[in-house]
Structure formats: structure tokens, C-alpha cells
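# Examination of the molecular architecture
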Amino acid sequence: MLKSKTFVKKTRSGGVMKVVREHYLRDDIWCGSEVCAECKQDSTVLQRDACIESSLCSYPHYLVPDTNVVLHQIDVLEDPMIRNVIILQTVLQEVRHRSAPVYKRLKDIIHEQGRRFYTFTNEHHRETFIEREPGESANDRNDRAIRVAVKWYSQHLKTPESGPDGLKVVLLTNDQGNKQKAEENGLVVYKFEEYIKSLTANPELVDRLALSSDKNEITSSKVLFPEHLPLSKIQAGIKSGSFLQGTFRASRDNYLEATVFVQGEGEDSTEVLIQGLQNLNRAVHQDVVAVQLLPKNQWVAPSSVVLQDDGAAKDDNVDEDEEEKLRRSLTEAARKATGKVVGIIKRNWRPFCGMLNVSQIKESTRHLFTPADRRIPRIRIETRQASTLAGQRIMVAIDGWPKDSRYPNGHFVRSLGGAGEKDTEEEVLLLEHDVPHQAFSQAVLGFLPKMPWCITPEDMAQRQDLRHLTVCSVDPPGCTDIDDALHCRQLENGNLEVGVHIADVSHFIRPGNALDKEAANRGTTVYLCGKRIDMVPELLSSNLCSLRSNVERFAFSCIWEMNHEAQILKTQFTKSVINSKASLTYAEAQMRIDDTNKNDDITNSLRGLNKLAKILKRKRIENGALTLSSLEVRFHMDSETHDPIDLQTKELMETNSMVEEFMLLANISVAQKIYNEFPECALLRKHPAPPPSNYDILIKAAKSKNVTIHIDSAKALADSLDVAKVDGFLYFNTLLRILATRCMMQAVYFCSGMDSDFHHYGLASPIYTHFTSPIRRYADIIVHRLLAVAIGADSTYPDLMDKHKQSALCNNLNYRHKMSQYAQRASVAFHTQLFFKTRGILNEEGFVLFVRKNAIIVLIPKFGLEGTVFFDSKDKVSPNLIFDEEGPSLKVEQHTFHIFDQVKVTISLDDSNIQHQKIRMALIEPVIPGVSVPAPEVEPQAKKQKLDR
């Protein structure tokens, strides 16, 4: 049966267009229940004995949630206890329209066979489809459609033998009006909350209930915050210019302060400072908000006071003293544009990791939850299992933040495990940095090649056979995802042939399939200490794509003909088949090069590569490329407990530099090629030059040792770093380079058709991209696809040539890349804490890296570790401190600290706050009476036995 749906919609030009859509109604849509004898269905989803222990429904029953229940209570619906649920098409469509993340979670439950969730296409069923009546809102029509479908099910499943205890269909809603109408129609209907509370066998589900907006008895009657403006007023205000729209960024150090980042035209952007609870007005980190600027006489400056919200669970009175402390510290400094939040445009809430502060009231079910991320406010939740959850890392979701509550309200989602345990902390770290780390789904794994896999004659016909070449790979120890391999050989004409061979991942990952979408979403492989979160499944990353030795593998090769001065005479790109002759570590390759007795093909190839790499590096540095420094640490793990037993900074060898030079050269060659072919949609990487103000700290630091730094260009900076030396202070140059690294901007991916500045500042290259690591970076896969199209080795597809889609992809890749770096740093910090946990107190030599108003930041080269020595602690009388911003220097009593001063400190782990453990440092030398501490008497043993687990 054919119906037609008619509606009008507004066109871009402002006109109105009438749209008529055909809508088919059918008789062959089955109900999905085992009980039914009418429907001619091959398989069923809903069980005959759909029993769950409930004090409200003692009979077997199916559940039908309405849209709002699905949107707000998905955490409960995800629990395996909830089974035999009918999801109506009306609900599914509305959820899809209103929340993509909830829709994805719902689809995942539907696909899980054991859960017995059945999708019923009520909008196309002849007996359940309804037309919208004149004057009826879309919302009311959908509510009616849900009631009609429930009524149909109730009658359809009635069998002669189903008595009063027979199977029933229960509608779950939180809408009072909908409930009333359903009762009038004779349907079984309950509020979601009362139904969940009736599940006597599963009391823990109650904790996961999201608080409904009308249930705010958790608050006091006193209004603490201004009302948020409605969206219509906000939009009008933004249009007229009285409000600004921006992203709210809470301060990590001060819970009473935030900035709102307002994106202007093109590259322009401004930041508005927000201070005080009233002005912050219930905005949460990363929300999109509307702000109103305050009159100029109320503008303030960012505070340099560190304030953590660790007061009692005060619900109403905002701490006046703390707000006053803020203002006092503002008077003297430069003022910034200051505003207040007037409304929320888009909430960016996610489930947050953290710990429960169990209430002091013995019987209380209301508790405060403290998130691990200091930028997120504490959240009030109701739970009956507080004693079990104390000391555990848990996840909590925010439900709302009423204007009469000091904190937002939320609900418990799940427990992650004991705080401080390695697996739990790793999980927290991944969740907090938004690193996708769930196992690859069956849909993704379905696109992997079937094993056993081998190279066929058809494959060989389309590729260049380079299996005869002496190719080898050089990587860190223990590397299984080998992206790149190299070769170098002498040609008959006396020139050299050099090849960079990169794993051909794009052969296995085809555009647009589930495997491709998953890799694009993950964006990058994340390397934590002792663990790797792969971007692509292990079959590819560690096997079929990995260029391991003595196996045939597909590669994408970039081959140059060079003279002995490393000048490129000819460049060729080709899809190939290679057979690597050796997988070496940097140390093994270095030993081969240095061992004069070795003269085999692999060693000669490495020597040729090394010689050319030195020339390439020299040329690069002459052009102004920067050689910066950052201390990377390496942990030696205990083979049984996997705890760190030794910590040392990574040593770089000539071979590290050798591989790097050829990777850079390949990336530049490929960047030129794809940009020449596709000037509008090449995926490139740029590194913007830092604004001169970024270098202030570097110039001041060098000046304190009478060294001048020039920053007019990258070359000027590189040259002045090269000659920066201080007699008797060997480590000075490294410290200066570490400081210079901190002045740099972030390198980013971009689409060539959307930008005009391509320059890579750090490499002093006019154009650059990433081609050499497709196993661990998605950007390289796109670059491979572009290059393959450019040389006629593969066909194109629409998204590849769409600069807007390419640009959106770059935004995600930049975000994932940044989060992956933060996650790596957090992992190093956590393992450093584990290392010091068993060490007691150590004393070490260090250097002052930065000087602050009340502290010095010290770098310990031996461990590549940074820590802060505070001079004002709560439990001691503060010494006399004088901070000079110009120096910068800090006078503590009679001693003045400058950047790069050598100091001696004690290092220990402060685990008094289990959620925010810190490495604490205290000053030993120079000796300042009343400030420095005596050196620990005995150096603790280097390694405790494994008993302390």
C-alpha cells in the first residue's frame, strides 16, 4: 500500500519548497517474538519466557522504551540484565536525529544477539502507521505512534492460553502526559525510574539512573547562579554582537577561572577571561557557550594563584575568601577582556573518570565525585554502594546542573578498578585522553585478508619486483610494526641508487569500508610505556604490512638516483614487492657500520646510507633546519611484575639520524609530487613559525649567561644555538635547546586547497607531508592513496578529491595526534611515579628550567624528569620571596635563583592524594636556612625485591 508524505522546507535562497515522498506500508513486517504463531518469521529475537524479577511486573514481559528514555537512560539500557526490548522505528529515527553517540550505542546493543533487542519497523507496518493530525506537533504524533505500536503488540501477542499471568508489553516513559494517555488506552505503562527500582534482584541498576530534570531535591532552595538565556535570545544576541560564541576552557590550576576561546574570521581569534563562580555560571570544560563582555572597569587580569576546589561539600555558600584572594592578586597586573557566561549553546559532556568522596553522614546515599581532570567540577551522585566504590576509579556522567546547586548532578556509570593499580590507571589515562582503545569489532575484522595470505601472480604483474635488492630495516628494539626499510647500491654509471620502501597499507585498507573508517577515527597508534594501542588490527600492523626480514611484502617505494654529494638526479615512485634481508635495531646497525671486519652487502648498504645521510643533514642544517632537544626516557621493566626497575634517558646514535634523514627526504619528495598533481586536495603538514613573544623566556635565559640568541629566522636561531657555549658548563647547550623546544608551535596536517602557508619552520622546508609510517598514522594512508592515483597505480574516489572533507579529516587527525602525545606523557609520568614508589627518597643534581613567583622548576637530566620546588607550603612559615619578572629571578631569603642554576634536590613520591599522586622535590643545595632540607642519610637500595606488590 502506498501513502505519500507531504511537507515544506526552506531552501538556501530563502524560498519555500514543497516535498512529496512516497511511503510504503506493508503486511509482512514480523513481530520478532517466539510466542507468535501468526508471523511467518524465520528467526525470532524476543523470548517466550521473558522473565526478570520485578515487584511491579510478576509476569513475563517485553519492554518498549520511548525516545527520551533511550536518550537519557542509555547507561541503564546497556546493562546485560535488560533483555527482551522492542525498539520502535519511531524511537530509533528520533534518537538518530537527536544524538549520534547514543544512536551508535543503541545500534551496538541491537547487534548483540544475547541482549534480545528487536527493531520493529512500525512506521511501515500497515496496522501501526499513523498520519499526523491537523494541529498535532511532531512530538505528540510520535508519542501517539509509540502508544499505537504498544497496543498492537499487546493484542497481537494475546493467545487463548495467556491468562492474567501471560506475556505483556510494558511501555516505559518519563513523560507524565504520555503515561496518562497510555493508561487511558488500557496499556501497561510505568515511569522508567519506578520500573528500574522494582527490579529487586538488581539494586545496582538504580545507581545508573540519570536524574530527570524535574527531580532536583538534591539542591537547596537558594538560587546560586543566574538563569541561562534561551537559545532564541542567545542567537539574537550573537547576531547583534552583544554576545560572543566560543569554547569554554576551564583552568587546571584555578577552579574559579576560565577562558572562552572565540574563533574570529580566518586565523583571528580572541580569548575572554571569566572569573568567579557566578560568571562561570555552570559552564563545564569544552562546552560551547555565549558570553557577554563586562564593562571595561570590571576587567581583570589572569590570577597567578593556584586554587583547587577541595573545600567541604558546601552546597550554597561560595567561598567569599577565595574569591577575594583572586581579586587581591589582580590589582597590579595587566587587565584582559573579561566577561560572564549568559547561556550554554552546546554541552560537551562525556562520562568522566575519577573517585568518590564518601559522605561523612553514615546512612547517606548522596556523595560527591571528584573527577581526575582538575578542569571538571565535582559531581553529586546518588549511590547505595559507596563503601564498595571507595578507593576505586569510577566513571560518572553529568545529568544536569540546576541553578540552585553548587555542583552538577550525575549518576554512576561503571567501576574501572582499584585506584593506583596499573591496569586501572592505564584505562583511566586512555579514557581521559579520548583514545579509542576498545577491541576491533567484527565488522572491522571482516575486512582483513583471509589467512593464509600469499602474493599471487596477478599481484606481481602490477608491481615492480624488488625482491633481489639488499633491503633492511632499522628500528628501536622490540619493534614489530615495521613501516620502513632502506637500500643503497652503486649503479654502473658510478652514481648511487637509494630506496625508501614503505609498508603498502593502503593495498589492504580500501576507502570507505569499516576498517578504513575505524583507522580514520583512531588517527594514530598510541605508544604507552610497555603497551601499544594499534590504529589497525594486529594482523596488519605486526604481520602482513610489517616489513619483517626474510618474508615477501608489498611496499610503496621511493627510489632516487643520487651522486656522491647526495644530490638527487632522478626520482621514481612505484608499488613494489620486497624481501627485507635483515631487521636490525639502531645499535646493531651502528655496530655493523663501525666493525671494519664486516664487508657484506647489508653492511655496505648501511655505510653508503650513513655517508649520504651525513651530507643530507649538513645541507639541511645549512638551510636553517633546527636541531632541538627533549629528554626522552626509557624504562627497563621487570619481566614478571612489569613494573619499572630502571629509568634512563634515551641515547641517540648515528643510525637514528641516518633513518631520519631518508624519511624526511622521502616525505619532502612525496609532498612535492602530490601537490603538483593535486594542488587543491593534497594532505600536507606544516609547522608555523612561532610569534616572537614565544622566545622571550629563551632570550632572557640565554642573556642571564651573557649569550645572545637571534630569532629573525629559523636559520638565525639554529646558528645562535650552535655557538651558544658557557665555559665549564657542558650541559648549557642542551638546556638551551630543551628550552627552545618549548617555544615552538604545534605542527599540523592541513589540506593544500584550504591554506596558503605551507612552510615547515623546524625542517626549513617549503613543503612537507607524512608518507613513511602508514601502519601507525592515518595521514600517511591518505598520502599513499594520493600518490598511487598520481602515478596511475590506483583509482581515486570522491572524498579524496573533496577539500572540505579532507580538511575535516585533518582536524580529527590533529586532535588525535595531540591527545596521543598527551597520553604518552601521562603514561611516562605514571611509570615514573611507580619507579619512585619503591625508591624512598633520592637526592640528585638538577638545573633550574623556569623561575615562578613562589617556586622553581627543576630538570633532573639523569631521569629526564621535571619537578617543582615550592617555597610557600601551608604548614610552614613562608620565607621572604622577591620575584623579578625581568630576570626572571626569584630571591628566597638571601639567595637569588636564575634559570640554569645548578641545584641539588631530594625526589620522593607524594601519594597522599591517591588520585593525583605527585613527584615532590625539596631543595638540599644551595643551603638556605629554614628553607632547604638536609640530605637523606643513606641512599636507598637500588631495587626493592618483588614483595612490595
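Structure: above.
First, a word on scope: everything that follows refers to the structure included in this document. (Residues numbered from 1 in each chain as written. Predicted model: local features only at pLDDT ≥ 70, side-chain atom pairs only at ≥ 80, totals over all residues. Heavy atoms only, no water.)

## Considering the overall build of the protein
A tally of helices and strands in the protein yields 24 helices and 38 strands. A burial count over the protein gives 52% of its 949 residues as buried. The long-range share in the protein, meaning contacts at least 24 apart out of those at least 6 apart in sequence, stands at 67%. (Helix = DSSP H or I, 4+ residues; strand = E, 2+ residues; numbered from the N terminus. Buried < 20%, exposed > 50% of the residue type's maximum accessible area, 1.4 Å probe, protein only. Contact = heavy atoms within 4.5 Å.)

## Brief notes about the packing of aromatic side chains
Any two aromatic rings considered together are summarised by their centre-to-centre distance and by the angle between their planes. One pass over the structure, following the stated rule, counts twelve aromatic pairs. With centroids separated by 5.7 Å and ring planes inclined at 80°, the aromatic side chains of Phe225 and Trp401 adopt a geometry described as edge-to-face. Of this pair, Phe225 sits in the loop between helix H7 (192-197) and helix H8 (231-240) while Trp401 sits in the loop between strand E16 (392-400) and strand E17 (409-418); the two residues are 176 residues apart in sequence, bridging distant segments of the chain. Taking relative accessible area as the criterion, Phe225 reaches 4% and is therefore assigned buried. Accessibility expressed as a relative area gives 10% for Trp401, which makes it buried. Note on Tyr675 and Phe758: the rings are 5.1 Å apart at their centroids and 85° apart in plane angle, and the pair reads as edge-to-face. Linking Tyr675 in helix H19 (residues 654-677) with Phe758 in the loop between strand E30 (748-751) and helix H23 (778-790), this pair joins segments that are 83 residues apart in sequence. Classification of Tyr675 as partly exposed rests on a relative accessible area of 29%. An aromatic cluster is present here, built from Phe120, Trp152 and Tyr153 joined pairwise through their rings. Lying across the ring of Phe440, Arg522 places its NZ or CZ 4.0 Å from the centre. (Phe/Tyr/Trp six-rings, centres within 6.5 Å; stacked < 30°, edge-to-face > 60°. Lys NZ or Arg CZ within 6 Å of the ring centre and 35° of its normal.)

## Some points on helix H6 (residues 176-184)
Note on helix geometry: an α-helix contains 3.6 residues per turn, so any two residues three or four positions apart are oriented the same way. Among all positions of H6, only Asn178, Lys179 and Ala182 are buried. The arc that holds the buried residues of H6, viewed along the axis, is 100°, so those residues lie on one side. In this structure, the buried side of H6 is in contact with helix H5 (138-156), strand E6 (168-173), strand E7 (188-191) and H7. The N-cap residue of H6 is Asp175: its side-chain oxygen and the backbone nitrogen of Gly177 are 2.9 Å apart. Downstream of H6 by a residue or two, Gly186 has a phi angle that is positive, lying close to 80°. (Arc of directions from axis to C-beta. Polar contact = N/O pair within 3.5 Å; in protein donor to acceptor, adjacent residues only side chain to side chain.)

## Some details on the pairing of strand E36 (residues 895-898)
Residues in a regular strand point their side chains to alternate faces of the sheet. Two strands pair when backbone bridges link them, and strand E35 (residues 889-892) and E36 are joined in this way by four bridges, in the antiparallel orientation. Residue pairing for E36: Leu890 is matched across the bridge by Phe897. Hairpin connection, E35 to E36: the antiparallel pair is bridged by two residues, and Glu893 has positive phi, about 55°. (Pairing = 2+ DSSP bridges.)

## Quick notes on unusual backbone geometry
Cis peptide bonds are those with omega within 30 degrees of zero, and the linkage from Met451 to Pro452 qualifies with -5°. One can find Pro452 in the loop between helix H13 (442-445) and helix H14 (457-461). Despite not being glycine, Ala566 has its phi angle at roughly 65°, a positive value. By the secondary structure assignment, Ala566 is in the loop between strand E24 (552-562) and strand E25 (568-579). Given a relative accessible area of 5%, Ala566 falls into the buried group. Even without a glycine there, the phi angle at Glu893 is positive, about 55°. Within the secondary structure layout, Glu893 lies in the loop between E35 and E36.

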